[in-house]
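These are the residues of each chain, in order.
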Amino acid sequence: MADRIVMHVDMNAFFASVEQQANPELRGKPIAVIGRGRTVVTTASYEARAFGVKTGMNTWQAKQACPQVIFVIGDNRKYTHTSAGIMKMMLDYTPLVEVFSIDEAWLDVTHSLSIFGSAENIAYLLKSRIRHRFGITCSIGIAPNKLLAKLASEMKKPDGLTVIPPAEVSRILEQLPVKELCGIGRKMEQQLLMMGIRTCGELGRYQLERLTRKFGVIGERLQQMGKGIDNSPVVPVEDEQEVKSVGHSMTLDKDIERRQDILKYLLQLSEMVGRRARRYNVAGRTVHLTVRFADFSTIGRQCTMKNHTNRSDEIFNEAISILDTLGLDQPVRLLGVRITNLCYQQQQFPLFEDERRKVLATSAMDEVNDRYGSFAVTYGSVLDNGDKGSFVISPAWRPDGIRNVDVK
Amino acid sequence: MQIKELIRVAVVFGPGRAIRPVWFDWHNRKHAVLETTYTWSDLKGSARRLHFAVRDDGGLYELTYDTSEQTWELTGLEGN
């Protein structure tokens, strides 16, 4: 793992920048991209951030922080198209591209320098192509590993290019607060502070034994992070581990209480899960149900079946049986259905006529939906659910494969 | 504002795979496209749809070309 050159590319205020590019009236103004219905700010433009508008605020909080903020309902298809285009550009410089999320990726350019000269040159080329094609900017960090490349990309925003050469690593980390490292959240930061560790330098020098006693196996990893050591490879999408679950969840437009209403959404979610599983030829044996209530308390239960399935009706039936074990004392805000215990290449034609008909009907529905779009044909009871499908880009979204959820 | 109206659009195809809307008819008026501000595509079922955010002298519009049906739709409107 010695002498690697890794780049981290972070699109600046991605969703907001795309919207400002698409609508010139929004350029230079404080805007906040929000979802449909009762949702929160997903991205704020730099102009809005200057007033304190942050991701995760609700619209009321954003308006308090910046009365002139303009709310823009996000168009996920613009973002997935743009992201996929940018990730494709990256592959022109190295096959080792790891998509971290819709707006972040690592590139291992160690073996690309003989063609492109230097990592800085690749960064400039990529930045200028992104700007020319999409009109938006990104910040790029170049360093000997993923941890430091991500740190470097955070150092100058927007439109930055920061290089951390190997010789500078210790100097940069010495006074750097531990919270700046990717993977150290607020909780971990608090625990480290209680141990008297404030900076990365202190973390790197801390007794390994005490770190291991406190944090277990990740103690050693933490100490290495403090020293700026990260041997994790850049993993292209085709080498990623097989997914371990297929799931969908949805925050409902308004809280619901009646069982029949809950079942309609469970059926819709089961169909989304089943359809994606069938498309990629996987089946699950365990069904998980997640329910979030009006007070934001959340419960999750699971049930394991005798056989693997990717049929929506069977997933739905399991979800109902789990639901019936829960005490629903208050209105429901969010529902989620997920299958795990996956097996790949699931193809089994049932022996009995009734079951065989169901499989054929499912397959016929899939064919229609493949041709005319999701939910072109669906179960009658979900018809009045309003807009159907995924409306949120999950952190696990990828440009291709089973993680490529078709968002609306 | 989301709308969904089949419209008549004049388009320059090329060079290469480029597609550039030049004007469109809507509400008995010919709207000259001053700028295409953004383009993106998506799939509806098996049909690829190309979206164009375009600006005329009065507002911003979203035009959508369904490559399967070969139809143009006005699908969005802002600032009118």
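**A word on the nonpolar core**
Residues and elements named next belong to chain A.
For step 1, the next point in the chain: Membership of the largest hydrophobic core comes to 79 residues, with the highest contact counts inside it found for Met-7, Ala-32, Val-53, Leu-107 and Ile-142.
For step 2, the next point in the chain: Among the elements that make up this core, the one with the highest residue count is helix H6 (residues 119-134) (6 residues).
For step 3, the next point in the chain: Not counting residues up to four positions away in its chain, the partners in contact with Leu-107 are Met-7, Val-9, Met-90, Tyr-93, Thr-94, Leu-96, Val-97 and Val-234.
For step 4, the next point in the chain: Val-246, Leu-267, Val-332 and Ile-339 belong to the second largest nonpolar core, which has 23 residues in total.

**Re helix H15 (residues 353-372) of chain A**
For step 1, the next point in the chain: Between its first and last C-alpha atoms H15 of chain A spans 28 Å; for 20 residues at 1.5 Å apiece the expected length is 28 Å, and the two agree.
For step 2, the next point in the chain: Of the residues one or two after H15 of chain A, Gly-373 of chain A is the one with positive phi, at around 110°.

**A short note on the pairing of strand S5 (residues 97-101) of chain A**
Side-chain direction in a regular strand flips from residue to residue, so the side chains alternate between the two faces of the sheet.
Residues and elements named next belong to chain A.
For step 1, the next point in the chain: Relative to strand S6 (residues 104-108), S5 runs antiparallel, the two being bridged by 4 bridges. Bridge assignment links Val-97 to a residue of S6, and that residue is Leu-107.
For step 2, the next point in the chain: A loop of 2 residues connects S5 with S6, the two strands running antiparallel in sequence.

**What to know about the interface of chain A and chain B**
For step 1, the next point in the chain: Residue-level contacts link 15 residues of chain A with 13 residues of chain B.
For step 2, the next point in the chain: Counting only elements with at least two residues in the side of chain A that touches chain B, the list comes to helix H1 (14-22), helix H4 (76-90) and H15 of chain A.
For step 3, the next point in the chain: Looking at the side of chain A that touches chain B residue by residue, the class counts come to 4 nonpolar, 6 polar and 5 charged.

**Section: the confidence of the model for chain B**
Residues and elements named next belong to chain B.
For step 1, the next point in the chain: With 98% of its residues at a pLDDT of 70 or more, chain B shows a mean pLDDT of 93.
For step 2, the next point in the chain: Strand S1 (residues 2-6) is the least confidently modelled element of chain B, averaging 90 in pLDDT, while strand S2 (residues 8-13) averages 97, the highest of any element.
For step 3, the next point in the chain: Predicted complex, confidence summary: ipTM 0.90, pTM 0.86.

**A closer look at the pairing of strand S7 (residues 60-66) of chain B**
All names here are of chain B.
For step 1, the next point in the chain: Of all 7 residues in S7, 5 are buried, a share of seventy percent or more.
For step 2, the next point in the chain: Adjacent in sequence and paired antiparallel, strand S6 (residues 47-55) and S7 are bridged by 4 residues.
For step 3, the next point in the chain: Here S7 folds back onto strand S8 (residues 71-78), and the loop between the two strands holds 4 residues, one of which, Gln-70, carries a positive phi near 55°.

**Remarks on the sheet that holds S1 of chain B**
Backbone hydrogen bonds are what pair the strands of a sheet, in a parallel or an antiparallel way.
Residues and elements named next belong to chain B.
For step 1, the next point in the chain: The strand order across the open sheet built from 5 strands is S1-S8-S7-S6-S5, with neighbouring strands paired in antiparallel fashion. Looking at the sheet topology across the chains shown, the edges are occupied by S1 and strand S5 (35-44). Recorded for the sheet is a direction-independent mean angle of 25° between the axes of neighbouring strands.
For step 2, the next point in the chain: With 3 bridges connecting them, S1 and S8 associate as antiparallel partners. Bridged to Leu-6 within S8 is Glu-73.

Definitions and limits used
- Residues numbered from 1 in each chain as written.
- Chains lettered and ligands numbered in written order.
- Predicted model: local features only at pLDDT ≥ 70, side-chain atom pairs only at ≥ 80, totals over all residues.
- Core = buried A, V, L, I, M, F, W, Y, C linked by C-beta atoms within 7 Å.
- Buried ≥ 20, exposed ≤ 12 C-beta atoms within 10 Å, placed from the backbone.
- Helix = DSSP H or I, 4+ residues; strand = E, 2+ residues; numbered from the N terminus.
- Contact = placed C-beta atoms within 7 Å.
- Expected span 1.5 Å × (residues − 1).
- Pairing = 2+ DSSP bridges.
- Nonpolar A, V, L, I, M, F, W, Y, C, P; charged D, E, K, R; others polar.
- pLDDT = per-residue confidence, 0-100.
- Axes fitted to C-alpha atoms, helices over the stretch in contact; angles between N-to-C directions.

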